[in-house]
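Working through the structure, step by step
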Amino acid sequence: MLRSKLAALSLALGLMPPASMADCLARDFLALPLPAAPERPAIALALELAYEGLAVDEAAGVLTYNGQTFALGEDPGRTPQERLADPSIAETFAQVYPLAFDLGARAQPWFDPGRARSDALFKALYGASEAEVAASLKRADFRRGTTAARFSASSRQCVATQLQAALDAIAAEGPEVEKVFAEVGGSFNWRKIAGTSRLSAHSFGIAVDFNTALGGYWRWSGGTEGNAGNYRNQYPEALVRQMERYGFIWGGKWHHFDGMHFEYRPELILHARLVGG
Ligand SMILES: [Zn+2]
């Protein structure tokens, strides 16, 4: 608890070390070479390429990470809303994340690729408590002209370095991106998803919310579950593409749209490439 309070205090004071000091090299997940004729399942390859130290034994149906073993589980073809509450790792890949900048797919109710998460795996990757995640945070900054915004992200799996690389690439896109950082929602926050008992991706230091007013969120615009309604995107395509390049999926592609929200899910980007998404 004390550790967590100290982390929160250092966050407030901006004392977190910057991600640029980390011994990580940013990876471009849209350009990372993939096997032309993979002999292993796309899920296994995507997970291993995405996460350092993770190994999949598809014959045994398990993955191992940091001495822990997790069942990959089945994808028995449950409905998306059934999956959402407690998805197996296999089920988190059931909906292929669309790499194209096409918001048509989200018209389909419950098309929310990436919204199903394995809390157990994320706890192993990033920390099982607020204090543990808070202790891993590093800073990532957006700066362009007179616009500046500060975020924090996990240093595990080089997430903060990936975020800094994305923010730098976005800043180089041009002045039209500045509005997206004029007023930002935030990043690390150990909390449940509104209306559920599941942990938000923000709990793990892997999610950022940019401009909330421009972003759009289905719960704030009168949508209901399974009928989230129309989404009028105001984020530049180039910004979304740069975030995806560095491993962050975008909530603007979800039926239950969360247009301010990006989260680090490189396994879904790689899986989409492997299966032609
Ligand atoms: Zn968010």
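See above for the structure.
Scope of this entry: the structure provided in the associated data block.

Concerning the sheet that holds strand S2 (residues 62–65)
- Ordered in space as S1-S2-S3, the three strands form an open sheet in which the pairing is antiparallel. With partners counted over all chains shown, the strands left at the sheet margins are strand S1 (54–57) and strand S3 (68–71), one partner each. For this sheet, the mean inter-axis angle between neighbouring strands, taken without regard to orientation, is 25°.
- Alignment of S2 against S3, held across four bridges, turns out to be antiparallel. Across the sheet, residue Tyr65 finds its bridge partner in S3, namely Gln68.

Digging into the packing of aromatic side chains
- Following the criterion strictly, the structure yields 17 aromatic pairs and no others.
- Consider the rings of Phe101 and Trp250, whose centres lie 5.8 Å apart with planes at 5°: the pair is stacked. Taken together, the residues Phe101 in the loop between helix H3 (80–85) and helix H4 (119–126) and Trp250 in strand S8 (residues 248–250) connect sequence positions 149 residues apart.
- A relative accessible area of 29% means that Phe101 is categorised as partly exposed.
- Given the relative accessible area of 0%, Trp250 is considered buried.
- Judged by centre distance (6.3 Å) and plane angle (65°), the ring pair of Tyr217 and Trp218 falls under edge-to-face. A single burial state applies to Tyr217 and to Trp218, both of which are buried.
- Connected via pairs of aromatic rings, a cluster forms that spans Phe101, Phe142, Phe151, Phe181, Phe210, Tyr231, Tyr235, Trp250, Phe257 and Phe262.

What counts and what doesn't
- Residues numbered from 1 in each chain as written.
- Predicted model: local features only at pLDDT ≥ 70, side-chain atom pairs only at ≥ 80, totals over all residues.
- Heavy atoms only, no water.
- Pairing = 2+ DSSP bridges.
- Helix = DSSP H or I, 4+ residues; strand = E, 2+ residues; numbered from the N terminus.
- Axes fitted to C-alpha atoms, helices over the stretch in contact; angles between N-to-C directions.
- Phe/Tyr/Trp six-rings, centres within 6.5 Å; stacked < 30°, edge-to-face > 60°.
- Buried < 20%, exposed > 50% of the residue type's maximum accessible area, 1.4 Å probe, protein only.

Just geometry here; none of it tells us what the structure is for.
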